[in-house]
Amino acid sequence: MPALGASVAEARRRVRTILREWEVADEVRDDTEMVISELFTNAVRHTASELISCELRLADGRVHIEVTDEGNGPTEPQQRTAHCDEEGGRGLLLVGLLSRAWGVRPRGIGRGRTVWAELTL
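The structure presented is a predicted model; accordingly, all values stated were derived computationally and were not measured.

Peer 1: Can you break down the side chain of Ser99 residue by residue, with the values?
Peer 2: In this fold, Ser99 is placed in the loop between α3 (91-98) and β3 (101-106). Beyond its immediate sequence surroundings of up to four residues, Ser99 is in contact with Val35, Ala117, Glu118 and Leu119.

Peer 1: Describe the environment of Cys54, listing the residues and the values that go with them.
Peer 2: For Cys54, the location among the structural elements is in strand β1 (residues 53-59). By relative accessible area, Cys54 is classed as partly exposed at 31%. Sequence-wise, Cys54 and Val15 are 39 residues apart; in three dimensions their C-alpha atoms are separated by 9.1 Å. Setting aside chain neighbours within four positions, we find Cys54 in contact with Met1, Ala11, Ile36, Phe40, Glu66 and Val67.

Peer 1: Quick rundown of the pattern of salt bridges? Include the residues and the values.
Peer 2: Any two side chains of opposite charge can pair, on the condition that their charged atoms come close. Tallied over the entire structure, the rule returns 10 salt bridges. Where Glu118 meets Arg62, a salt bridge forms, and the shortest distance between an N and an O atom there is 2.8 Å. Here Arg62 lies in strand β2 (residues 62-68) and Glu118 lies in strand β4 (residues 113-120), a separation of 56 residues in the sequence. Taking the relative accessible area as the measure of exposure, Glu118 reaches 13% and is therefore buried. Residues participating in the shared-partner salt-bridge network are Glu55, Arg57, Glu66 and Arg105.

Peer 1: Describe the sheet that holds β4, with residues and values.
Peer 2: The strand order across the open sheet built from four strands is β1-β2-β4-β3, with neighbouring strands paired in antiparallel fashion. In the strand order of this sheet, the two ends are held by β1 and β3, each with one partner. When the angles between neighbouring strand axes are averaged without regard to direction, this sheet yields 15 degrees. Of the pairings in the sheet, the one linking β1 to β2 comprises seven bridges and is antiparallel in character. Directly across from Arg57, in β2, lies its bridge partner His64.

Peer 1: Any details on the nonpolar core? Residues and values, ideally.
Peer 2: Membership of the largest hydrophobic core comes to 22 residues, with the highest contact counts inside it found for Val35, Leu39, Ile65 and Val67. Elements that contribute at least two residues to this core include exactly α1 (6-21), α2 (26-46), β2, α3 and β4. Here this core takes six residues from α2, the largest share from any one element. Residues within four places of Ile65 in sequence aside, it is in contact with Thr32, Val35, Ile36, Leu39, Glu55, Leu56, Val115, Trp116, Ala117 and Leu119.

Peer 1: Explain α3 to me, and be specific about the residues and the numbers.
Peer 2: Listed as buried for α3 are Gly91, Leu92 and Val95. Along the axis of α3, the buried residues cluster in a sector spanning 90 degrees; they form a single face. In this fold, the buried residues of α3 make contact with α2, β3 and β4.

Cut-offs used in this document
- Residues numbered from 1 in each chain as written.
- Predicted model: local features only at pLDDT ≥ 70, side-chain atom pairs only at ≥ 80, totals over all residues.
- Heavy atoms only, no water.
- Helix = DSSP H or I, 4+ residues; strand = E, 2+ residues; numbered from the N terminus.
- Contact = heavy atoms within 4.5 Å.
- Buried < 20%, exposed > 50% of the residue type's maximum accessible area, 1.4 Å probe, protein only.
- Salt bridge = Lys/Arg side-chain N within 4 Å of Asp/Glu carboxyl O.
- Pairing = 2+ DSSP bridges.
- Axes fitted to C-alpha atoms, helices over the stretch in contact; angles between N-to-C directions.
- Core = buried A, V, L, I, M, F, W, Y, C linked by side-chain atoms within 4.5 Å.
- Arc of directions from axis to C-beta.

In short, the description is geometric, and any link to function would need to be established separately.
Okay, structure coming up:
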């Protein structure tokens, strides 16, 4: 999808549709939508990408999410503590709370990286 803010809602919508087809429980579906939203938003805001891809799969009682960008941000994504007066900065903290695990790896080819998360069904 294009690396635009408007694509975040489309990614969420697609994830919701797929998880409904897979008959994933509402709570897990809601948490997965939140995680995809945070990861996609970070890729839009913090990388020099034109396109961002999302992958979703079920395996071993887990929902596995991957968001892959084309550009490298100045630093690797990591949780941080936001000050109480900051509007942002809590996305990866939220991802960490909702996910059983998450991480970052280099994109398979060229520039970019994949940020992944797993949620328990």
